[in-house]
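Read off the chains here:
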Amino acid sequence: MITGIHHVSAFTKSAEQNRAFYTGVLGLRLVKNTVNQNNTRMRHLFYGDYQGNPGTLLTFFEIKRLGRARREHDYYGTTYLGVPRGSLDYWETRLEKADVLGLERSDAGLYFQDQDTFQILLVEVDEMISAENATKHTDIPIEKQIIRILGMDWHVTDPEKSTQFQQEFLEIESDGFSKVIPSVSDEKTRMGRGSLDHLAYRVGTKEEVEQWRQKALDAGLEIVEFADRAYFTSLYFREPNGLLIEIASDTPGFAIDETTETLGETLALPPFLEDKRAEIEFNLKENDK
């Protein structure tokens, strides 16, 4: 059974600027500094709460020559992040000082974009991050810190199909935040800076991911990939309007090769890539020139 969102993954042009924004401005912790396992020349950064819990993770693939995104039809839009009730004034002031793109407050929450135009809405909820999950490197008080991912918008050609897919195949009801929105353009969406590549839902174990693989096959879905990522097991498929969805396991987590206290401090590679570490580190340094 799906228990919520595991992570969302998007594209950035600059890992350095991306890290400065998400750790410095938003106060998230870099919990895994690794590479795209399908293209090890590409950095893959994971941000989340102090312990890197599923449900808090925003991840970004770095592509230095990435062009601008064009959001037309069949794409993921705004990502909703929960903050404690009464904290939006604090966040509005903080984001104004950071000179973020598109800052706008409404009854729905506080909307803004990062430097790549990744779209975020901070939404007040009746929760507060726990002391053990609160990040420690930031000046953001615990009673203001980002708690978790609440949901996101699906912009699709046929909203009825996506809604039915969510309810009948994924067996999830509305989270009260996400929306399935009709696409209004006939133009083709172009992935680029700030584009959200995929949405990952969480299940408990590798065995549960395998069960979802069989369920997807039985439903005649296109399996894009099924892989053991070391930190979690991943199944990728497309929903009826073509959006990429992942089912990811909560276990074993990020502490298999780093302690909780040192998450994100070094380049982490899964065991099956360790023998290529020298080559991977060389290529990343070349890309940084």
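Residues numbered from 1 in each chain as written. Predicted model: local features only at pLDDT ≥ 70, side-chain atom pairs only at ≥ 80, totals over all residues. Heavy atoms only, no water.

- An unreviewed UniProt entry lists the protein chain under the name VOC domain-containing protein, from Listeria weihenstephanensis.

1. With respect to the sheet that holds strand β5 (residues 75–84)
Right, so step 1: The mixed open sheet is built from six strands, whose spatial order is β6-β7-β8-β5-β9-β10. Across the chains shown, the open sheet's two edge strands, defined by having one partner strand only, are β6 (101–105) and β10 (180–182). Taken pair by pair, the neighbouring strands of this sheet meet at an average axis angle of 20 degrees, ignoring direction.
Right, so step 2: Across three bridges, the pairing between β6 and strand β7 (residues 110–113) is antiparallel. Considered in β7, the bridge of Leu101 is made with Gln113.
Right, so step 3: Strands in contact with helix α3 (residues 159–169) are β9 (148–156) and β10; relative to β10, the strand with the most contacts, it is inclined by about 165 degrees. (Pairing = 2+ DSSP bridges. Helix = DSSP H or I, 4+ residues; strand = E, 2+ residues; numbered from the N terminus. Axes fitted to C-alpha atoms, helices over the stretch in contact; angles between N-to-C directions. Contact = heavy atoms within 4.5 Å.)

2. Remarks on the pattern of salt bridges
Right, so step 1: The full count for this structure, using the stated rule, is 19 salt bridges.
Right, so step 2: Here Glu62 makes a salt bridge to Arg43, at a shortest N to O gap of 3.8 Å. On the criterion of sequence distance, the pair formed by Glu62 in strand β4 (residues 57–62) and Arg43 in strand β3 (residues 39–48) is long-range, its members being 19 residues apart.
Right, so step 3: One continuous salt-bridge network, built from bridges that share partners, spans Arg43, Glu62, Lys64 and Asp288. (Salt bridge = Lys/Arg side-chain N within 4 Å of Asp/Glu carboxyl O.)

3. Section: unusual backbone geometry
Right, so step 1: Residues Thr251 and Pro252 are joined by a peptide bond in cis, for which omega reads 5 degrees.
Right, so step 2: Assignment of secondary structure puts Pro252 in the loop between β14 (244–249) and α5 (277–288).
Right, so step 3: Within the chain, Asp74 stands out as a residue other than glycine whose phi angle is a positive 55 degrees.
Right, so step 4: You will see that Asp99, though not glycine, has its phi angle at about 55 degrees, which is positive.
Right, so step 5: Tracing the chain through its elements places Asp99 in the loop between α2 (88–97) and β6.

4. As for the sheet that holds strand β2 (residues 29–36)
Right, so step 1: Spatial ordering of the open sheet is given by β2-β3-β4-β1-β11-β14-β13-β12, a layout of eight strands whose pairing is mixed. Two strands close off the open sheet at either side, each with one partner strand: β2 and β12 (223–228). Pairwise comparison of adjacent strand axes, ignoring direction, gives a mean angle of 20 degrees for this sheet.
Right, so step 2: As defined by bridge partners, β2 adjoins β3 across seven bridges and the pair is classed as antiparallel. Residue pairing in the sheet places Thr34 in a bridge with His44 of β3.
Right, so step 3: Helix α1 (residues 15–25) contacts β1 (4–12), β2, β3 and β4 of the sheet and is inclined by roughly 10 degrees relative to β3.

5. Quick word on the environment of Ser249
Right, so step 1: For Ser249, the location among the structural elements is in strand β14.
Right, so step 2: Residues Ser249 and Tyr201 lie 48 residues apart in sequence; the distance between their C-alpha atoms is 8.5 Å.
Right, so step 3: A polar side-chain atom of Ser249 sits 2.9 Å from the main-chain amide nitrogen of Thr233.
Right, so step 4: Within polar-contact distance, the side chain of Ser249 engages the backbone oxygen of Thr251 at 2.7 Å. (Polar contact = N/O pair within 3.5 Å; in protein donor to acceptor, adjacent residues only side chain to side chain.)

6. What about the layout of surface pockets?
Right, so step 1: Computed from the structure, the largest pocket encloses a volume of approximately 550 Å³.
Right, so step 2: Lining of the largest pocket is provided by 32 residues; of these, Gly4, Ile5, Leu150, Gly151 and Asp175 occupy positions nearest its centre.
Right, so step 3: For the lining of the largest pocket, the secondary-structure elements that each account for two or more residues are β1, β9, α3 and β11 (196–203).
Right, so step 4: Element by element, the count of residues in the lining of the largest pocket is highest for β9, at six residues. (1 Å grid on protein atoms, 1.4 Å probe; cavity = no way out; pocket = protein on both sides within 12 Å on 5 of 7 lines; lining within 4 Å. Points joined across faces, edges and corners; volume = space filled by probe spheres on them.)

7. Side note on the side chain of His7
Right, so step 1: As for its placement among the helices and strands, His7 is situated in strand β1.
Right, so step 2: On the basis of relative accessibility, which here comes to 2%, the residue His7 falls in the buried class.
Right, so step 3: A polar side-chain atom of His7 sits 3.4 Å from a polar atom in the side chain of His198.
Right, so step 4: Leave out the neighbours within four places in its chain, and His7 touches Leu57, Thr59, Ile149, His198, Leu199, Ala200, Phe232, Glu246 and Ala248. (Buried < 20%, exposed > 50% of the residue type's maximum accessible area, 1.4 Å probe, protein only.)

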